[in-house]
Amino acid sequence: MVSNPYAAYQNSAVTTANSQELTLMLYDGALKFMRLAKLAIEQGNSDLKNTNIQKTQAIFQELRLTLNKKIAVSANLDSLYEYMWRRLVDANVKNDTTILDEVLDFTTELRDTWKEAMKLAKQA
């Protein structure tokens, strides 16, 4: 039986990634699932919307769990992740793409900042 080469690549990417790369992957996944949820709302597909919003919420929960509580900025990130998680609940209940756009914007900023920090860390 031939396995899916794309799935094998994805599995390899995750298992060989360092913690910084894994965080970037989580941000990318959250963005992907929110875009899919937004499309599902626009298409009237409530099951797909719900599934993708729940996947995004799971990512924010994982990001919260992986925070290093000894670092001062972690408390701020924890509050932001919790806020975005609650906004996703609102978006899910209200079928509101505006709320998804808000969370997408926050997540995009976090992802871009994280990616830049990774670049700076590699240069140091």
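Refer to the structure above for everything that follows.
Described below are features of the structure shown in this document. The structure presented is a predicted model; accordingly, all values stated were derived computationally and were not measured.

Our next topic: the overall build of the protein chain. Within the protein chain, the secondary structure is distributed over five helices and zero strands. Along the protein chain, from the amino end to the carboxyl end, the secondary structure elements read α-α-α-α-α. The burial tally for the protein chain puts 30% of its 124 residues in the buried class. Counting only contacts in the protein chain whose residues sit at least 6 apart along the sequence, the fraction spanning at least 24 positions is 63%. Working note: accessible area of the protein chain is about 8000 Å², and carbon and sulfur atoms make up 55% of it.

Tracing the chain through its elements places Leu67 in the loop between helix 3 (46–65) and helix 4 (73–94). Taking C-alpha positions, Leu67 is 7.5 Å from Asp78, a pair spaced 11 residues apart along the chain.

Let us now look at the nonpolar core. One recurring pattern in soluble globular proteins: nonpolar side chains tend to sit buried together. Membership of the largest hydrophobic core comes to 21 residues, with the highest contact counts inside it found for Met34, Phe60, Tyr81, Leu88 and Leu100. If sequence neighbours within four positions are ignored, Met34 has contacts with Thr56, Phe60, Leu88, Leu100, Val103, Leu104 and Thr107.

This paragraph deals with the pattern of salt bridges. In this structure the tally under the stated criterion is seven salt bridges. Arg87 is the salt-bridge partner of Glu102, the closest N and O atoms lying 2.8 Å from each other. Remark: Arg87 occurs in helix 4 and Glu102 occurs in helix 5 (residues 97–123); sequence separation between them is 15 residues. Here Asp112 ties to Arg111 by a salt bridge, and the two come within 3.5 Å at their closest N and O atoms.

Let us look at the packing of aromatic side chains. Summed over all chains, the structure comprises two aromatic pairs. Here Tyr83 and Phe106 contribute two aromatic rings whose centre-to-centre distance is 6.2 Å and whose plane-to-plane angle is 80 degrees, an arrangement assigned as edge-to-face. Taken as a pair, Tyr83 in helix 4 and Phe106 in helix 5 lie far apart in primary sequence, 23 residues in all.

Running from N to C, helix 4 and helix 5 cross one another at 150 degrees; their axes reach a closest spacing of 8 Å. Classed by the angle they form, the pair helix 4 and helix 5 counts as roughly antiparallel. By crossing handedness, the relation of helix 4 to helix 5 is classed as left-handed. Where helix 4 approaches helix 5, its residues Leu77, Leu80, Tyr81, Tyr83, Met84, Arg87, Leu88, Asp90, Ala91 and Lys94 are matched on the opposing element by Ile99, Leu100, Glu102, Val103, Phe106, Thr107 and Leu110. For the contact of helix 4 with helix 5, the class distribution of residues is 12 nonpolar, one polar and four charged.

Here we take up unusual backbone geometry. Here Asn95, not a glycine, exhibits a phi torsion of approximately 50 degrees, which is positive. Within the secondary structure, Asn95 sits in the loop between helix 4 and helix 5.

Tracing the sequence through the fold places Thr23 in helix 2 (residues 19–43). Overall, Thr23 belongs to the buried group, its relative accessible area being 14%. In this structure, Thr23 is in contact with Leu63 and Trp114, ignoring residues within four places of it in sequence.

Reading the values: the criteria
- Residues numbered from 1 in each chain as written.
- Predicted model: local features only at pLDDT ≥ 70, side-chain atom pairs only at ≥ 80, totals over all residues.
- Heavy atoms only, no water.
- Helix = DSSP H or I, 4+ residues; strand = E, 2+ residues; numbered from the N terminus.
- Buried < 20%, exposed > 50% of the residue type's maximum accessible area, 1.4 Å probe, protein only.
- Contact = heavy atoms within 4.5 Å.
- Areas by Shrake-Rupley, 256 points an atom, 1.4 Å probe, with all protein chains shown as cover.
- Core = buried A, V, L, I, M, F, W, Y, C linked by side-chain atoms within 4.5 Å.
- Salt bridge = Lys/Arg side-chain N within 4 Å of Asp/Glu carboxyl O.
- Phe/Tyr/Trp six-rings, centres within 6.5 Å; stacked < 30°, edge-to-face > 60°.
- Axes fitted to C-alpha atoms, helices over the stretch in contact; angles between N-to-C directions.
- Parallel < 35°, antiparallel > 145°, perpendicular 65-115°, else oblique.
- Left-handed = near helix turned anticlockwise from the far one by under 90°.
- Nonpolar A, V, L, I, M, F, W, Y, C, P; charged D, E, K, R; others polar.

Scope: geometric values only; no functional claims are made or implied.
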